[in-house]
Amino acid sequence: MADRDPSTTCPPPSSASISSPPTFCCACGAPTAALSSPPAWSDSSPPPVYRPIRAPAINAPSATASIVLSPVPQPLPVPPAEPPFRFEVPSKRISSPDDIRRFHASAAARHFLGFIAALSHSVRGRKLSDPVPSPLPATLSGLLSILQTLARWIDEIPPLPHTARYGNPAYRSWHARLSDEGRGLVLSLLPSDELHPAVDELLPYLLDSFGNAYRIDYGTGHETNFAAFLYCLARLGLIKEEDYPALVLRAFAAYLDLMRRLQTAYCLEPAGSHGVWGLDDYHFLPFIFGSAQLIDHKYMKPKSIHNQDILDNFSNEYMYLACVAFVKKVKKGVFAEHSPMLDDISGVPTWSKVNSGMLKMYKVEVLEKVPIMQHFLFGSLIKWYVHINRSHL
């Protein structure tokens, strides 16, 4: 919430003015006491710095110690779902810190984070243009087709005249079309009659991967749901480990491009933005995958993000550089002021350390945050475990 205008706040009572006739605050109607005019601001007593509207309630990363001390998430194989399948419509389960601890004590959380780490590991040292198997596996080809379809809808549903900074209502029409046609899109990825019932479980993940139609916003929770959608496909055996490089370099890159278009075309509000204390108003995963791409690069170091020539010439090959370039495009002013966390990370000596730090930070700042994970969905493919090992809590 923005700070109240000082001109409408109730002045504090003063013992020196008790005998004066009472006056009343024009904002809240409470009795006040007469006060003399405050002294002018001086160099020794500057005016207070008021937080901008979108700044976080606490102006600092809240879990720095947890990030530093936590182990680096390691790649894990995705456990295959075994028939007979019992697919179900996924539902929300997390509403408290205890639920977060319960989730992270489960195999589901361990394997999901291991899947993210495995995707990151698969693109170490790889450019976006590096060759991948051709033709692409059917599932990846289908994913790309879906993302291309969704991108085409942006052209067919143009933004409406809108004066507000965020929230073009045309996005609701775009998302309504996704809701109407989403079932058919998911079915196109399911090759057998045995897997067709999975559409009821997979569809909610897909619908929540591109933002919220009511709030017209998008954030790391929606991005995490897209990762969960991919994880569920992997559990069904439709995405295999050998597909991971193409999954990141082709399918996830296309998803990121689509989200950039949605964010700019419909002015999506950043969902739960940390303001200057976040990596980015919208995304986290491309910083993980992008830093992995740059590991052991001969010339580019983390500090290279400050070289505009490098951003101009290599953003089309490395997600991390593309993210920084996009931030610089949409945010004005000094980079160290509007993106202090990215600026600090640029001082890390190696991309390997940046990547391991990003993986730890994703666990702590995304997967362990109730406001984000309260929207996460659990079904038969990402199970919510009721019985847990209490020693992990």
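Look up: the structure comes first, before these words.
Conventions adopted
- Numbers given for residues are sequential positions, taken from 1 along each chain in its written order.
- Restriction of local features to residues with pLDDT of at least 70 applies here, the model being predicted, together with a cutoff of 80 or more for giving and counting side-chain atom pairs; totals for whole chains, interfaces and linings are based on all residues.
- Note that water and hydrogens are dropped before the side-chain values are worked out from all heavy atoms of the structure.
- Here a salt bridge means any side-chain nitrogen of Lys or Arg lying within 4 Å of a carboxyl oxygen belonging to Asp or Glu.
- Secondary structure elements follow DSSP: runs of H or I no shorter than four residues count as helices, runs of E no shorter than two count as strands, and numbering proceeds from the N terminus.
- Note on classification: 1.4 Å probe, protein chains only; a residue is buried when its accessible area is under 20% of the maximum for its type, exposed when over 50%, partly exposed between these limits.
- Contacts are assigned to residue pairs with any non-hydrogen atoms lying within 4.5 Å of each other.
- The angle between two axes is taken between their N-to-C directions and runs from 0 to 180 degrees, where each axis is a line fitted to C-alpha atoms and a helix contributes only its stretch in contact.
- In what follows, roughly perpendicular refers to angles from 65 to 115 degrees, roughly parallel to angles under 35, roughly antiparallel to angles over 145, and oblique to any angle outside these ranges.
- Note on convention: near helix rotated counterclockwise from far helix by under a right angle means a left-handed crossing. Clockwise means right-handed.
- Each residue gets one of three labels, nonpolar for Ala, Val, Leu, Ile, Met, Phe, Trp, Tyr, Cys and Pro, charged for Asp, Glu, Lys and Arg, and polar for the others, Gly among them.
- Any pair of nitrogen or oxygen atoms within 3.5 Å is treated as a polar contact; in protein, a donor-acceptor pairing is required on top of that, and neighbouring residues in sequence qualify only through side-chain atoms on both sides.
- As used in this record, nonpolar core signifies buried Ala, Val, Leu, Ile, Met, Phe, Trp, Tyr and Cys residues forming a set joined through side-chain atoms within 4.5 Å.

## Some remarks on the pattern of salt bridges
- In this structure the tally under the stated criterion is 13 salt bridges.
- Between D98 and R101 there is a salt bridge whose closest N-O contact spans 2.2 Å. Of the two residues, D98 and R101 both sit in helix 2 (residues 97–104), 3 residues apart, roughly one turn of that helix.
- Of the residues examined, R101 reaches a relative accessible area of 41% and is grouped as partly exposed.
- Between D280 and R260 there is a salt bridge; the shortest N-O distance is 3.8 Å.

## Here we look at helix 6 (residues 199–207)
- Turning to helix 6, its buried residues are V199, E201, L202, L203, Y205 and L206.
- In the core, the buried residues of helix 6 are packed alongside helix 5 (170–187), helix 7 (220–235) and strand 6 (377–378).

## Considering the packing of helix 9 (residues 285–293) against helix 11 (residues 319–330)
- Contact geometry of helix 9 with helix 11 gives a least axis separation of 6 Å together with a crossing angle of 130°. Viewed along their axes, helix 9 and helix 11 adopt a mutual orientation that is oblique. The residues of helix 11 that touch helix 9, namely those facing P286, F287, F289, G290, S291 and Q293, are M319, Y320 and C323.

## What to know about the side chain of S304
- Mapping S304 onto the fold places it in the loop between helix 9 and helix 10 (308–314).
- Excluding anything up to four places from it in sequence, S304 contacts Y299 and I310.

## A closer look at unusual backbone geometry
- Note the cis peptide between P83 and P84, where omega equals 5°.
- You can see P84 is positioned in the loop between helix 1 (64–69) and strand 3 (91–92).
- Across the junction of S134 and P135, the peptide omega takes the value 0°, indicating a cis bond.
- Backbone geometry places I216, a non-glycine residue, at a positive phi of 50°.
- Looking at the secondary structure, you find I216 in the loop between helix 6 and strand 4 (217–218).
- Given a relative accessible area of 4%, I216 falls into the buried group.

## Quick word on the packing of helix 4 (residues 138–156) against helix 5
- In contact at an axis separation of 11 Å, helix 4 and helix 5 are set at 150° when each is read in the N-to-C sense. Between helix 4 and helix 5, the interaxial angle falls into the category roughly antiparallel. As helix 4 packs across helix 5, the resulting crossing turns out to be right-handed. Along its contact with helix 4, which presents I146, L150, W153, I154 and E156, the element helix 5 presents W174, R177, L178, E181 and L185.
- Residues of the contact of helix 4 with helix 5, tallied by class, amount to 7 nonpolar, no polar and 3 charged.

## Re the side chain of D217
- Within the secondary structure layout, D217 lies in strand 4.
- The class for D217 is buried, based on a relative accessible area of 7%.
- Within the structure, the side chain of D217 is placed 2.9 Å from the side chain of R215, a separation counted as a polar contact.
- Every residue in contact with D217, bar those within four places of it in the chain, is listed here: G211, N212, H222, L268, E269 and A271.

## Describing the nonpolar core
- Counting 115 residues, the largest nonpolar core has W174, F210, F229 and Y320 as the members making the most contacts within it.
- Sort the elements by how many residues they give to this core and helix 8 (residues 244–265) lands first, with 12 residues.
- Sequence-distant contacts of W174, defined by excluding residues within four places in its chain, comprise L150, W153, I154, I157, F210, L262 and Y266.

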